[in-house]
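# Structure assessment
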Amino acid sequence: GYTAKGIKTSHRYTSPGTYDVKLVVKDSSRTTCASGVDFMTVRLNEPPKAEAGEDIIACPGEAVVFDGNNSYTTKKGTLAGEWYFGDGESGQGLKTTHAYSKPGKYQASLSVTSELNTACGPSRDTRPVSINSAPMVSIKSIAATCLGNKVEFDASTAIDPDGDNLEYYWTFGDGQVLRAGSKVTHDYRQ
């Protein structure tokens, strides 16, 4: 529906489809043979859209599933994917797995291309990946004590390298389990 004048012009199409383009060139003679016409067809495909998914939290050595199957193209089954995991490694396919060897923050990215539409470039999406560090914990040793005395336990030196909040679950060896803070006391009956 758009027209333009000039030796060179450009036009931005807003929808995919097939468009017939007509060019009319006129000279200044004002005769019946003063114009020439040419036609061409422009085919516009919709570019693919990469969808890398939600953020991931995992442990070192754990197999992490990367699933880009929610990526989009107009013709189903024609997408090719490549993952870059942010640690120097990569994987092929829309769905793949990868295990990170070290704790840290990584930026995984998915690049998808349409196998039928190479005119449109690849689409990319990223997904943050946090590989958690285990908390470092130690219990201060206690001296031997007598039955009937409260036994104090102290793990206040525990830290989490990632800065996560810590929860403490104490198992005392006599069947008693307690969710509490880093310092607790316990009465043994035997």
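For clarity, every value in this text was computed on a predicted model and none was experimentally measured. (Residues numbered from 1 in each chain as written. Predicted model: local features only at pLDDT ≥ 70, side-chain atom pairs only at ≥ 80, totals over all residues. Heavy atoms only, no water.)

## A few points about the pattern of salt bridges
The condition is simple: The rule for a salt bridge is simple: a side-chain nitrogen of Lys or Arg has to be within 4 Å of a carboxyl oxygen of Asp or Glu. Helix numbers and strand numbers start at the N terminus; a helix is a DSSP run of H or I with at least 4 residues, a strand a run of E with at least 2.
Going through the model one piece at a time under the given rule, you end up with three salt bridges. Between Asp187 and Lys150 there is a salt bridge, with the nearest N and O atoms lying 3.8 Å from each other. Linking Asp187 in strand S13 (residues 183-187) with Lys150 in strand S10 (residues 150-154), this pair joins segments that are 37 residues apart in sequence. A salt bridge links Arg179 to Glu167; the shortest N-O distance between them is 3.4 Å. Within this pair, whereas Arg179 is found in strand S12 (residues 177-180), its partner Glu167 is found in the loop between S10 and strand S11 (168-171), the two being separated by twelve residues in sequence.

## Describing the pairing of S11
Put simply, the rule reads: Partly exposed describes any residue whose relative accessible area lies between the buried limit of under 20% and the exposed limit of over 50%, with all areas from a 1.4 Å probe on protein chains only and scaled to the type maximum. When DSSP finds two or more bridges between a pair of strands, those strands are recorded as paired.
Only one face of S11 is covered, namely the face carrying Tyr168 and Trp170; the face carrying Tyr169 and Thr171 is uncovered. Here four bridges tie S11 to S12, and the two strands are oriented antiparallel to one another. Across the sheet, Tyr169 pairs through a bridge with Arg179, a residue of S12. Hairpin connection of S11 to S12: five residues between the antiparallel strands, including Gly173 at a positive phi of 90 degrees.

## Considering the sheet that holds strand S3 (residues 56-58)
Let me state the cut-off plainly: Here the axes come from fitting lines to C-alpha atoms, over the contacting stretch only for helices, and the angles between their N-to-C directions go from 0 to 180 degrees.
If you walk across this open sheet you meet the five strands as S3-S9-S8-S5-S6, and the pairing is mixed. Both edges of this open sheet fall to S3 and strand S6 (90-92), since each of them pairs with a single strand only. Put simply, the sheet's adjacent strands are angled 25 degrees from each other on average, direction ignored. Sheet analysis places strand S8 (residues 104-114) next to strand S9 (residues 123-131), joined by nine bridges and oriented antiparallel. Bridging across to S9, Ser109 finds its partner in Thr126.

## What to know about unusual backbone geometry
For Arg30, which is not glycine, the phi torsion reads 55 degrees and is therefore positive. Position of Arg30 among the secondary structure elements: in the loop between strand S1 (17-26) and strand S2 (35-44). Exposure remark for Arg30: the relative accessible area of 81% places this residue in the exposed category.

## Structural notes on the side chain of Thr78
Short version of the rule: Only heavy atoms enter the contact rule, under which two residues are in contact if any of them lie within 4.5 Å.
Within the fold, Thr78 resides in the loop between strand S4 (63-67) and strand S5 (79-84). Thr78 sits in the buried class, given a relative accessible area of 9%. Once residues within four sequence positions are removed from consideration, Thr78 is found in contact with Thr73, Thr113, Ser114, Glu115 and Leu116.

## Describing the layout of surface pockets
Over the atoms, a rolled probe matching the size of one water molecule traces out where space is still vacant. Short version of the rule: Cavities and pockets are found on a 1 Å grid laid over the protein atoms alone: a cavity is a set of points where a 1.4 Å probe fits but cannot escape, a pocket is an open set with protein on both sides within 12 Å along at least five of seven lines, and a lining residue has an atom within 4 Å of such a point. Grid points are joined across faces, edges and corners, and a volume is the space filled by probe spheres set on the points. Note on residue classes: Ala, Val, Leu, Ile, Met, Phe, Trp, Tyr, Cys and Pro are nonpolar, Asp, Glu, Lys and Arg are charged, and everything else, Gly too, is polar.
In this structure, the largest pocket occupies an estimated 1,000 Å³ of space. If you list the elements that add at least two residues to the lining of the largest pocket, you get S1 and S2. No other element matches S1, which puts seven residues into the lining of the largest pocket. Split by residue class, the lining of the largest pocket holds twelve nonpolar, eight polar and six charged. Residue lining of the second largest pocket: Pro16, Leu44, Asn45, Glu46, Thr73, Thr74, Lys75, Thr78, Ser114, Leu116 and Asn117, and that is the complete set.

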